[in-house]
Amino acid sequence: GTFVFICPNLDVIFGYSLDEVRKMVAIDKLLGEQSSIRKKLKTSNELANIPCDITDKAGTIRSLLVNVKRVSIKGGTILYVCRDITERKRAERELEQKNTQLDSLINNISDMAWLKDADSRFIAVNKAFGDAVGMAPESLLNETCEVCFGKEGAKKFREDDLTVMEKDRQVVIEEKILDLQENEVWLETIKSPIRDKSGKV
């Protein structure tokens, strides 16, 4: 575990100067994965993308992906390469939180509700919609209306979606569908464009 070489920009991740790191003597002062890594290296000379959380000098927890390789220098040196993925992990947590909030919102609406991408594929579907078409909401994700309304129905809904995107404004549509018992049902559907940060629908 003794340091043989330290990359000059190591302080970018850990916040410690090279002199401070050298005084730590061994890498296990920085990484808490030392024993498990050594154990795994008994059966493999290379380990890829080992997740590792460390606390930097400022006390901030940072997420790393560590790649480890045994190289034949000075009697079997172990080379560690760490990639800081803290921002990526933060973005993933934010996305997960937003998805949870979205699921909570649309599943507490008694009306049918859904989100589609620009290709008219479902991104989110609530239980009321799934119940209406007789399909589990998760089975509709990444599918178009064709799976639940057939080709003709999907064609009509796609045309409506394109109208909303082209006009870039909310549209209220009265439309007729067949329920699970083949009964005609009239719906008032409100379709609204949602824009990303660049303003694209």
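Below or above, wherever it landed, is the structure these notes cover. (Residues numbered from 1 in each chain as written. Predicted model: local features only at pLDDT ≥ 70, side-chain atom pairs only at ≥ 80, totals over all residues. Heavy atoms only, no water.)

Here the focus is empty space enclosed by the protein. For the structure shown, the criterion picks out one cavity of 30 Å³ or more. By volume, the largest cavity amounts to about 110 Å³. Lining the largest cavity are 13 residues, and of these Trp 114, Phe 129, Phe 149, Phe 157 and Glu 175 sit closest to its centre. Every element with two or more residues in the lining of the largest cavity is listed here: strand E4 (114-116), helix H7 (146-167), strand E6 (171-178) and strand E7 (184-191). Taken together, the residues of the lining of the largest cavity sort by class into nine nonpolar, one polar and three charged. (1 Å grid on protein atoms, 1.4 Å probe; cavity = no way out; pocket = protein on both sides within 12 Å on 5 of 7 lines; lining within 4 Å. Points joined across faces, edges and corners; volume = space filled by probe spheres on them. Helix = DSSP H or I, 4+ residues; strand = E, 2+ residues; numbered from the N terminus. Nonpolar A, V, L, I, M, F, W, Y, C, P; charged D, E, K, R; others polar.)

The three strands lie next to each other as E1-E2-E3, forming an open sheet whose pairing is antiparallel. The sheet is open, and its two edges are formed by strand E1 (46-55) and strand E3 (77-84), each paired on a single side. Going across the sheet, the axis of each strand differs from the next one's by a mean of 30°, ignoring polarity. Here E1 runs beside strand E2 (residues 61-71); their pairing, made up of eight bridges, is antiparallel. Its bridge partner being in E2, Glu 46 is matched across the sheet by Lys 69. In the packing of helix H4 (residues 86-106) onto the sheet, contacts are made with E2 and E3, and the angle to E2 comes to roughly 130°. (Pairing = 2+ DSSP bridges. Axes fitted to C-alpha atoms, helices over the stretch in contact; angles between N-to-C directions. Contact = heavy atoms within 4.5 Å.)

If a residue is not glycine, its phi is most likely negative; likewise, a peptide bond is most likely trans. Positive phi, normally seen in glycine, also occurs at Ser 120, with a value near 65°. As for its position among the elements, Ser 120 is in the loop between E4 and strand E5 (122-125). The backbone of Asn 142 shows a phi angle near 70°, a positive value even though the residue is not glycine. As for its placement among the helices and strands, Asn 142 is situated in the loop between helix H6 (137-140) and H7.

Okay, H7 next. Side chains three or four residues apart in an α-helix point the same way, a direct result of the helix having 3.6 residues per turn. Look at H7: only 24 Å from first C-alpha to last across 22 residues, short of the 32 Å you get at 1.5 Å a residue. Of all the bends in H7, the greatest, near 90°, is centred on Glu 152. When we look at burial in H7, the residues that qualify are Cys 148, Gly 153, Ala 154, Phe 157, Asp 160, Asp 161 and Val 164. On its buried side, H7 packs onto E4, helix H5 (127-133), H6, E6 and E7. Where H7 ends, the next residue or the one after it, Asp 168, has phi of about 55°, a positive value. (Expected span 1.5 Å × (residues − 1). Bend = angle between axes of the 7 residues up to and from the residue. Buried < 20%, exposed > 50% of the residue type's maximum accessible area, 1.4 Å probe, protein only.)

This part takes up the layout of surface pockets. Of the volumes computed, that of the largest pocket is approximately 1,300 Å³. If you trace the largest pocket, you find 35 residues lining it, with Trp 114, Leu 115, Lys 116, Ser 192 and Ile 194 closest to the centre. Elements supplying a minimum of two residues to the lining of the largest pocket: H4, E4, E5, H7 and E7. Among the elements that make up the lining of the largest pocket, the one with the highest residue count is H4 (seven residues). Taken together, the residues of the lining of the largest pocket break down into 18 nonpolar, four polar and 13 charged.

Moving on, we get to the nonpolar core. Within the largest apolar cluster, 17 residues are counted, with the highest numbers of intra-cluster contacts made by Phe 14, Ile 37, Leu 47, Ile 50, Leu 64, Val 66 and Val 68. Listing elements by their share of this core, those giving two or more residues are helix H1 (11-14), helix H2 (18-24), E1 and E2. If near-sequence neighbours (up to four positions away) are discounted, Ile 37 is found in contact with Leu 47, Ile 50, Val 68 and Tyr 80. Phe 122, Phe 129, Leu 140 and Cys 145 belong to the second-largest nonpolar core, a separate cluster that totals 10 residues. (Core = buried A, V, L, I, M, F, W, Y, C linked by side-chain atoms within 4.5 Å.)

Turning our attention to the packing of aromatic side chains. Enumeration according to the criterion identifies four aromatic pairs in this entry. Taking the centre distance of 5.1 Å and the plane angle of 70° together, the rings of Phe 149 and Phe 157 count as edge-to-face. Of the residues examined, Phe 149 reaches a relative accessible area of 22% and is grouped as partly exposed. Look at Phe 157 and you get buried, because its relative accessible area is 8%. Every member of this aromatic cluster is reached through a ring pair, and the members are Trp 114, Phe 122, Phe 129, Phe 149 and Phe 157. (Phe/Tyr/Trp six-rings, centres within 6.5 Å; stacked < 30°, edge-to-face > 60°.)

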